[in-house]
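# Observations on the three-dimensional arrangement
Next come the chains, spelled out residue by residue.
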Amino acid sequence: MAKQLNIFIENKPGRIESVTGTLYEANINVRAIEIQDRGDFGIMKLLVDDPQKAYLALSDLGLAVALRDVLAIIIEDKPGGLHKLAKLFTKANINMIDAYGFVIDSSREGIWCVEVEDYEATRSLVEENGFKILSEQELYEL
Amino acid sequence: MDIRYWNKEQETLDRDSLRAQQLESLKETVGYALQTAFYKRRLAKAGITSVDDIRSLDDLQRIPYTTKDDLREAYPDGLLAVPMNDVVRLHTSSGTTGTPTVIYHNQHDLDSWTNLVARCIVSTGVTSSDVFQNMMGYGLFTGGLGLHYGAERVGTVIIPASSGNTNRQLRLMKDFRTTVIHATPSYMLHLYNKIQESEYKRSDFCIRKGFTGAEAYSASTHKKIEELFELDVYNSYGLSEMNGPGVAFECCLKDDMHIWEDAYYVEMLRKGTEEPVDAGEEGELVLTTLQRQATPLLRYRTGDLTSLRIEPCACGRTHRRITRIKGRADDMLIINGVNIYPSQIEAVIMKVPEVGTNYQICIEKAGSLDKLTVKTEIYSKMFTGDLKALDALKVRLQEELKANIIVKPVVELHEPGALPVQEGKAIRVFDLRTDN
């Protein structure tokens, strides 16, 4: 299963920079980023090309970091592309705990990264309905 | 001015002789300390297993500091150095909400304490013809009994009025022609206001001196009390761990407090560190008892901020002086009327594995109320990356704290290492409420 980095950061100037600086020094490329905000702090979620290496670099910096499972589902980059997937989730009564998306090939493909309760069940459902889920390797080598 | 001494030889001993005496006393003290479960273990770690390991005053540096927490941990008898049968009195700290601390005294200790207090009293110019009205509380609190026995030894007439009942205090002052009063500065001010409201006039009273202590108070309060009552006020310093009053006192020249160095070995640490201060610099007072047998304390961190004056005093005493206490880092906080010890907050934080051991307690005014904020750090190893878990953690901390300290705090979660770490004794409490 693909992994994303969840990092606890305080909501104040310079905190994101300390993360990006560390990743830059470790020669890590960031694919996608999302921040869940709680006012005085937040969780920064990163999709990178080498999560294990990034995890070590950020841990060395002293940050609270966790590697979390994420489903990276390919959707079509056209009107209704995401809607088709969302409809499927609704029908199966699966909650998207958190999600973010990005485009990899304009007008062709986008990636929908989603956190759910039951990864195996969701994976089967999604694949049975014709969606492709990126493997770890595919995701990191994007 | 007529300079009086209680024990002139001891009070004016040359510094070299004083140091030689301190060394002998330190050896005896370490001998007693080795009889306690607490120090036996601690001194062994420092390589001290017998009195013979103390060859100079410098050897004191090998001994770790003793803190109030150590006293709490050793409660009730981990620091008792003599058989309980030899103990004649004990004083405990209030311990309203935290674990109390206890100091035991045998007869030798009480005699020594009484002599030190007598020395303080006489140094202000008080004699056996004075009438001394003691308005400090009698009981476990050391302020009342400490001065009581000292004044008794000096031979004054003592009126053991204890604290409170202001109308009776005034009546006693008038009827028995009280010349010296002992009270906290706040009670002195209260007493003055009561006189204004009553039918008494200043001319009804014979008071000429006042001793004040037990609370940190400013030089301006000191002066104000002197002006209101038209009397001389002498600043008194003591703490229950060091017997109580009688540690340091202003002499008749009222120019800072002589600290009795034959009874207390003085060290000064730069605030928040374990580094000694430069001469004259403000720092935390660290004391070693030199005359106590039942509860010896080695390098006790008083938490009190002061500075040491090394220049001689015109009174001829060779014992150095400490300046007015800048603040008592006394750890009890009163938040919205509730007594809270930081240790209670710490205890909760230490029980929650998702947060680290570093924390800060901030108190500030929010309107007329006090706002308590507890800042904690996320513990990296327990971090799951789940925001909902963090929300739940915050609520859990808040509720567990409320269950322990009654006050509901604001809980802040910070990154690991975000809160400042100090060398030595950490400063964790930031009381941002301004007085008055």
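None of these values were measured; they are calculated from a predicted model. (Residues numbered from 1 in each chain as written. Chains lettered and ligands numbered in written order. Predicted model: local features only at pLDDT ≥ 70, side-chain atom pairs only at ≥ 80, totals over all residues. Heavy atoms only, no water.)

### Considerations on the overall build of chain A
- Scanning chain A from N- to C-terminus turns up five helices and seven strands.
- Going from the N terminus to the C terminus, chain A shows its helices and strands as β-α-β-β-α-β-α-β-β-α-β-α.
- Its C-alpha atoms give chain A a radius of gyration of 16 Å, near enough to 14 Å, the size a compact globule of 142 residues would have.
- Once the C-alpha set of chain A is aligned to its principal axes, its extents read approximately 40 × 30 × 25 Å.
- Sorting the 142 residues of chain A into buried and exposed places 44% on the buried side.
- Considering only intrachain contacts with a sequence separation of at least 6, the fraction spanning at least 24 residues in chain A is 67%.
- As displayed, chain A has an accessible area near 7,400 Å², and 48% of this comes from carbon and sulfur atoms.
- Computed over 15 positive and 24 negative side-chain charges, the inter-centroid distance for chain A is 4 Å. (Helix = DSSP H or I, 4+ residues; strand = E, 2+ residues; numbered from the N terminus. Rg over C-alpha atoms; globule rule 2.2 N^0.38 Å. Buried < 20%, exposed > 50% of the residue type's maximum accessible area, 1.4 Å probe, protein only. Contact = heavy atoms within 4.5 Å. Areas by Shrake-Rupley, 256 points an atom, 1.4 Å probe, with all protein chains shown as cover. Lys, Arg positive; Asp, Glu negative; His and termini not counted. Charge placed at Lys NZ, Arg CZ, Asp CG, Glu CD.)

### Considerations on the pattern of salt bridges
Residue and element names in this part refer to chain B.
- Taken as a whole, this structure holds 44 salt bridges over all chains when the rule is applied.
- Here lysine 254 makes a salt bridge to aspartate 232, at a shortest N to O gap of 2.7 Å. With a gap of 22 residues between them, lysine 254 in the loop between β8 (244-250) and β9 (257-259) and aspartate 232 in strand β7 (residues 232-239) connect regions that are remote in the sequence.
- Because the salt bridges share partners, they merge into one network encompassing Asp255, Asp256, Arg309, Glu311 and Arg321. (Salt bridge = Lys/Arg side-chain N within 4 Å of Asp/Glu carboxyl O.)

### Notes on the interface of chain B and chain A
- Taken residue by residue, the interface counts 16 residues in chain B and 17 residues in chain A.
- Of the roughly 1,500 Å² buried at the junction of chain B and chain A (both faces included), carbon and sulfur atoms supply 56%.
- Between the two partners, chain B and chain A, sit three salt bridges.
- With a shortest N-O distance of 2.4 Å, arginine 15 of chain A and glutamate 415 of chain B are connected by a salt bridge.
- Counting every contact that joins chain B to chain A gives six residue pairs in polar contact (both at pLDDT 80 or more).
- Counting residues per element, the side of chain B that touches chain A draws most heavily on helix α11 (residues 387-405) of chain B, at four residues.
- Grouping the constituent residues of the side of chain B that touches chain A by class yields seven nonpolar, four polar and five charged. (Buried area = accessible area lost by both parts, 1.4 Å probe. Polar contact = N/O pair within 3.5 Å; in protein donor to acceptor, adjacent residues only side chain to side chain. Nonpolar A, V, L, I, M, F, W, Y, C, P; charged D, E, K, R; others polar.)

### Here we look at the side chain of arginine 320 of chain B
Residues and elements named next belong to chain B.
- Relative to the helices and strands, arginine 320 is located in the loop between β13 (308-309) and β14 (321-322).
- One polar contact links arginine 320 to glutamate 261, side chain to side chain, over a distance of 2.7 Å.
- Excluding anything up to four places from it in sequence, arginine 320 contacts Arg15, Met257, His258, Ile259, Glu261, Val266, Leu308, Arg309 and Ile310.

### Some remarks on the nonpolar core
- Counting residues in each nonpolar core, the largest one holds 58 residues, and the members touching the most others are Val30, Leu43, Phe211, Tyr237, Ile259, Leu287 and Ile322 of chain B.
- Counting residues per element, this core draws most heavily on helix α5 (residues 107-123) of chain B, which supplies eight residues.
- Formed by 30 residues, the second largest nonpolar core is a distinct cluster that contains Phe41 and Ala64 of chain A together with Val348 and Leu397 of chain B. (Core = buried A, V, L, I, M, F, W, Y, C linked by side-chain atoms within 4.5 Å.)

### Comments concerning the sheet that holds strand β4 (residues 157-159) of chain B
All names here are of chain B.
- Overall, mixed pairing links the nine strands, which are arranged β4-β3-β5-β6-β7-β8-β9-β14-β13 in an open sheet. Since the sheet does not close on itself, it has two edges, and those belong to β4 and β13, each with one partner.
- Pairing between strand β5 (residues 180-183) and strand β6 (residues 209-212): four bridges, direction parallel. Within β6, the residue paired with alanine 183 across the bridge is threonine 212.
- Taken strand by strand, α5 contacts β6 and β8, and its axis lies near 30° from that of β8. (Pairing = 2+ DSSP bridges. Axes fitted to C-alpha atoms, helices over the stretch in contact; angles between N-to-C directions.)

### Focus: the domain arrangement of chain B
- Segmentation of chain B into domains returns domain 1 (8-15 + 66-328) and domain 2 (333-431).
- The distance between the C-alpha centroids of domain 1 of chain B and domain 2 of chain B comes to 35 Å. (Domains from an automatic or database assignment.)

### Points about the domain arrangement of chain A
Residue and element names in this part refer to chain A.
- As far as domains go, chain A holds domain 1 (2-68) and domain 2 (70-140).
- Using C-alpha coordinates to define each centre, domain 1 is positioned 23 Å away from domain 2.
- With 13 residues of domain 1 in contact, the opposing surface of domain 2 contributes 10 residues.
- The junction of domain 1 with domain 2 conceals about 1,200 Å² of combined surface from both sides, 52% of it contributed by carbon and sulfur atoms.
- Where domain 1 touches domain 2, the interface holds three salt bridges.
- Put simply, domain 1 and domain 2 have six residue pairs in polar contact (both at pLDDT 80 or more) between them.
- Every element with two or more residues in the side of domain 1 that touches domain 2 is listed here: β1 (2-10), β2 (30-37) and β3 (41-48).
- The dominant element in the side of domain 1 that touches domain 2, judged by the number of residues it contributes, is β2, at four residues.
- The residue inventory of the side of domain 1 that touches domain 2, partitioned by class, reads five nonpolar, two polar and six charged.

### A few points about a nonpolar patch on the surface
Residues and elements named next belong to chain A.
- On the surface, a nonpolar cluster with roughly 310 Å² of combined accessible area is contributed by Ile16, Val30, Ile33 and Ile35.
- The leading source of residues in the nonpolar patch is β2, at three residues.
- Tracing the chain through its elements places isoleucine 33 in strand β2. (Patch = residues over 30% accessible without salt bridge, like charges linked within 9 Å, V, L, I, M, F, W, Y side chains within 5 Å.)

### Remarks on the pairing of β5 of chain B
All names here are of chain B.
- Side chains of β5 alternate between two faces, with Val180 and His182 and Ile181 and Ala183 buried alike.
- In this structure, strand β3 (residues 131-134) lies alongside β5, joined through three bridges in parallel fashion. Across the sheet, the residue bridging to phenylalanine 132 is valine 180, located in β5.
- In this view, the connection linking β5 to its parallel neighbour β6 by way of helix α8 (residues 185-197) has right-handed handedness. (Right-handed = clockwise from strand over helix to strand, strands pointing away.)

### Concerning the packing of aromatic side chains
- Taken as a whole, this structure holds eight aromatic pairs over all chains when the rule is applied.
- For the ring pair phenylalanine 8 of chain A and phenylalanine 41 of chain A, a centre distance of 5.0 Å and an interplane angle of 25° mean the geometry is stacked. Of this pair, phenylalanine 8 of chain A sits in strand β1 while phenylalanine 41 of chain A sits in strand β3, and the two are 33 residues apart along the sequence.
- Look at phenylalanine 8 of chain A and you get buried, because its relative accessible area is 0%.
- Positioned over the ring face of tryptophan 260 of chain B is arginine 119 of chain B, at 4.8 Å from the centre of the ring. (Phe/Tyr/Trp six-rings, centres within 6.5 Å; stacked < 30°, edge-to-face > 60°. Lys NZ or Arg CZ within 6 Å of the ring centre and 35° of its normal.)

### What about the pairing of β6 of chain B?
Residue and element names in this part refer to chain B.
- Here β6 shows no split at all, with Lys209 and Phe211 on one side and Gly210 and Thr212 on the other all buried.
- Pairing geometry for β6 and β7, over four bridges, is parallel. When the bridges of β7 are listed, phenylalanine 211 appears paired with tyrosine 234.

### Comments concerning the sheet that holds strand β20 (residues 410-414) of chain B
Residues and elements named next belong to chain B.
- Strands sit in the order β20-β19-β18-β21 across an open sheet of four strands; the sheet is mixed. A strand with exactly one partner marks an edge of an open sheet, and here the two such strands are β20 and β21 (429-431). Each strand axis lies, on average, 20° off the axis of its neighbour in the sheet, ignoring direction.
- Direction of pairing for strand β18 (residues 355-366) relative to β21: parallel, over a ladder of three bridges.

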